[in-house]
Amino acid sequence: MVEFGYDFGLVGLGVMGRNFILNVADNGFSAFGHDLDEIKVESLITEGRDSEKINASSNVETFTNSLSVPRKILLLVPAGTIVDTVIESLLPHLDKGDILIDSGNSFFTDTNRREEYLKSKGIHFFGAGISGGARGARLGPSIMPGGSEEAYEEVQPIFEAVAAKFNGEPCVAYLGPKSAGNYVKMVHNGIEYGLMQLTSEIYDILKKLGGFSNAELHEIFKKWNEGRLQSYLVEITSEILKKEDEHANGYLIDKILDKAKQKGTGKWTSQNAMDLGIPIPSIDIAVSMREVSAMKEEREKASGLYKSLGTEKVGKDELEKAAEEALYFGFVLTYAQGFHQLTEASMEYGYEFEPSTIARIWRAGCIIRAGLLEEIATAYSKNKKLSHLLLDMSFVNKIESTLQSARKIISAAIKNGIPLPGHTNSLTYFDAFRSKKLPLNLIQAQRDYFGSHTYERIDREGIFHTEWEDLK
Ligand code: 6PG
């Protein structure tokens, strides 16, 4: 057992923390864990008993004294005030030059505040979003660090060793100053919400209009995962659909209550996009649908009050093909909006993002990993000034070849009263995005009419106001 001078410290020995520390040790670094909960400490010591490289303590001083300096301490605790409490508990035991890394889903402005506060005490603090769930933490997550580059370089060898690998490349890279890492993780989660909503809608329409059984749906998603829709979320959807219920006959999916919870990161993505003035309707609606799902009681009452439309069946082969194309279209639109938000946030907050780097570190380990990210990375590395993914020629082709199916699926859903809001918002966003002329000239006229808000003209320079009403 190493007595002192451990390479790496980790606070928060929940499932994610425990798995991450075991991953660090597997990669040859000695790691010391800390949690106030004795049971968690003991369980890590027991789990790591065959390793020379793992130790843990519930005593903060023992923990900090065991680490080599500068100390490299990762916090994996729930976002919010707990992060501040943990920082305060560590502070008296830290030295100037030590490094604290917050890998929870902290709100990016909190990271900026903490960085400033700790800088005044000589401590480096940065956010490094981690994605991949418990399994990712154990076997290789995608890691999104930002903040002080100098501090990042101290932990870079550890992060590169533990991160997921895509064709041998680690899914971690320094992303930019300040809260860049937490910001990227937040948008990752917004995209995650969007893709999950789109997938659930396709599952619904295949069931209701195609009459596909769960076994058939399992096969369909499995097949799709071998094609251009290859992604973690499509893969786990296929696995979920074949899972039989342990407690009763039938499939587990049919027994799960249709109320989806949320911890807030998707909502933050939408709220911040509003602040930036960036439209991300495919993500917004995914947040709203979790809220609609929570209105179970009202939905049940309303379903008895309004006549159901009855669904007309559509040919299975035709529907399956169109659904695959529509889902691909929706995925592209969702990533496009997420990357647009990252591009704008980079300018607004000075993050200096390289979108191609972000796409590359999302290719493995994280929840939104998908084959498509390789093509997104290529688009952004080919053109460093690409303002929107939909303006890249290879994406024009991808959209053109799937657009008609998106329209077909959405029309069928609307006709049959099946809600497909993620797909509808994606298509509407696309149709607006590619419109040279929108009817917003009328909105400008109305604003000027009732509030003298002025308008611009298409045929001459300047700001104009018209006296629309004859007030005499
Ligand atoms: C990840 C996930 C992870 C968490 C989500 C769940 O990348 O590993 O995004 O961070 O599972 O935040 O979010 P909701 O509870 O809001 O669905």
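Residues numbered from 1 in each chain as written. Predicted model: local features only at pLDDT ≥ 70, side-chain atom pairs only at ≥ 80, totals over all residues. Heavy atoms only, no water.

Q: I keep staring at the overall build of the protein and nothing clicks. Help me out?
A: Looking only at helices and strands, the protein features 20 helices and 9 strands. Over its C-alpha trace the protein gives a radius of gyration of 25 Å, about what one expects of a compact globule, namely 23 Å for 472 residues. Here the C-alpha coordinates of the protein stretch approximately 80 × 65 × 45 Å along the principal axes. Looking at the protein as a whole, 50% of its 472 residues are labelled buried. Contacts in the protein between residues far apart in sequence, at least 24 positions, make up 70% of those at least 6 positions apart. As presented, the protein carries roughly 22700 Å² of accessible surface, and 53% of it is formed by carbon and sulfur atoms. If you average the places of the 53 positive and of the 66 negative side-chain charges in the protein, the two averages end up 5 Å apart. (Helix = DSSP H or I, 4+ residues; strand = E, 2+ residues; numbered from the N terminus. Rg over C-alpha atoms; globule rule 2.2 N^0.38 Å. Buried < 20%, exposed > 50% of the residue type's maximum accessible area, 1.4 Å probe, protein only. Contact = heavy atoms within 4.5 Å. Areas by Shrake-Rupley, 256 points an atom, 1.4 Å probe, with all protein chains shown as cover. Lys, Arg positive; Asp, Glu negative; His and termini not counted. Charge placed at Lys NZ, Arg CZ, Asp CG, Glu CD.)

Q: Help me out: how do you make sense of the pattern of salt bridges in this one?
A: Where side chains of opposite charge bring their charged atoms close, a pairing between them can arise. Applying the stated criterion across every chain, the model contains 31 salt bridges. A salt bridge links Lys119 to Glu116; the shortest N-O distance between them is 3.6 Å. In this pair, Lys119 and Glu116 are both assigned in helix 5 (residues 108–119), 3 residues apart and thus about one turn of the helix distant. For Lys119, a relative accessible area of 53% puts it in the exposed group. Residue Glu116 is classed as partly exposed on the basis of its relative accessible area, which comes to 48%. Here Lys415 and Glu312 are joined by a salt bridge, their closest N and O atoms 3.2 Å apart. Here Lys415 is found in helix 18 (residues 403–415), whereas its partner Glu312 is found in the loop between helix 13 (296–305) and helix 14 (316–349), with 103 residues between them in sequence. Residue class for Lys415 comes out exposed when judged on its relative accessible area of 58%. On the accessibility criterion, Glu312 (41% relative accessible area) is partly exposed. (Salt bridge = Lys/Arg side-chain N within 4 Å of Asp/Glu carboxyl O.)

Q: Which parts of the structure should I look at to understand unusual backbone geometry?
A: Trans peptide bonds make up most of the peptide bonds, and negative phi angles are found at most residues other than glycine. Pro70 follows Val69 through a cis peptide bond whose omega is -5°. As for its position among the elements, Pro70 is in the loop between helix 3 (60–65) and strand 4 (72–75). Unlike most non-glycine residues, Asn167 shows phi in positive territory, near 50°. Looking at the element boundaries, Asn167 is found in the loop between strand 8 (165–166) and strand 9 (169–170). Residue Asn167 is classed as exposed on the basis of its relative accessible area of 73%. Of note in the backbone geometry, Lys178 takes a positive phi value of approximately 50° without being a glycine. With respect to the secondary-structure elements, Lys178 resides in the loop between strand 9 and helix 8 (180–210).

Q: I tried to follow the domain arrangement of the protein on my own but got confused; where do I start?
A: When the parts of a complex come together, some accessible area is lost, and that lost area is often used as the size of the interface. For the protein, the assigned domains read domain 1 (8–174), domain 2 (185–433) and domain 3 (437–472). Taking only C-alpha atoms into account, the centre of domain 1 sits 32 Å from that of domain 2. Counting the surface lost from both domain 1 and domain 2, the interface buries some 1500 Å², and carbon and sulfur atoms represent 67% of this. For the interface between domain 1 and domain 2, the tally reads 2 salt bridges. Of the charged contacts in the structure, one is a salt bridge between Arg360 and Glu169, with a shortest N-O distance of 4.0 Å. Counting across the interface, domain 1 meets domain 2 through 6 residue pairs in polar contact (both at pLDDT 80 or more). Among the elements of the structure, strand 6 (124–131), strand 7 (142–145), strand 8 and strand 9 are those that each provide at least two residues to the side of domain 1 that touches domain 2. Of the residues that constitute the side of domain 1 that touches domain 2, the class distribution is 12 nonpolar, 8 polar and 2 charged. (Domains from an automatic or database assignment. Buried area = accessible area lost by both parts, 1.4 Å probe. Polar contact = N/O pair within 3.5 Å; in protein donor to acceptor, adjacent residues only side chain to side chain. Nonpolar A, V, L, I, M, F, W, Y, C, P; charged D, E, K, R; others polar.)

Q: Before we go on, may I ask you to explain the site of the ligand in this structure?
A: In the region of the ligand, 15 residues are neighbours, and Ser131, Glu192, Tyr193, Lys263 and Arg290 sit closest. Between an oxygen atom of the ligand and a side-chain N or O atom of Arg290, the distance comes to 2.7 Å. Computed on the free molecule, the ligand has an accessible area of 420 Å², of which 80% lies beneath the protein chains in the complex. The element contributing the most residues to the shell around the ligand is helix 8, with 5 residues. Looking at the shell around the ligand residue by residue, the class counts come to 2 nonpolar, 9 polar and 4 charged. Shared between two domains, the shell around the ligand holds at least three residues of each, these being domain 1 (8–174) and domain 2 (185–433). (Near = heavy atom within 4 Å.)

Q: I would appreciate a short explanation of the side chain of Asn55 in the present structure.
A: Take Asn55: it is sitting in strand 3 (residues 54–57). Asn55 sits in the buried class, given a relative accessible area of 18%. A polar side-chain atom of Asn55 sits 3.5 Å from a polar atom in the side chain of Tyr6.

Q: Looking at this structure, I do not really get the pairing of strand 4. What am I missing?
A: For a regular strand, the rule is simple: side chains alternate between the two faces of the sheet. Of the two faces of strand 4, the one holding Lys72 and Leu74 and the one holding Ile73 and Leu75 are both buried throughout. Alignment of strand 1 (residues 8–11) against strand 4, held across 3 bridges, turns out to be parallel. Residue pairing for strand 4: Val11 is matched across the bridge by Leu75. Judged from the 4 bridges that link them, strand 4 and strand 5 (residues 99–102) form a sheet pairing that is parallel. Within the sheet, the bridge partner assigned to Lys72 lies in strand 5 and is Ile99. The handedness of the strand 4 to strand 5 crossover, carried by helix 4 (residues 81–90), is right-handed. (Pairing = 2+ DSSP bridges. Right-handed = clockwise from strand over helix to strand, strands pointing away.)

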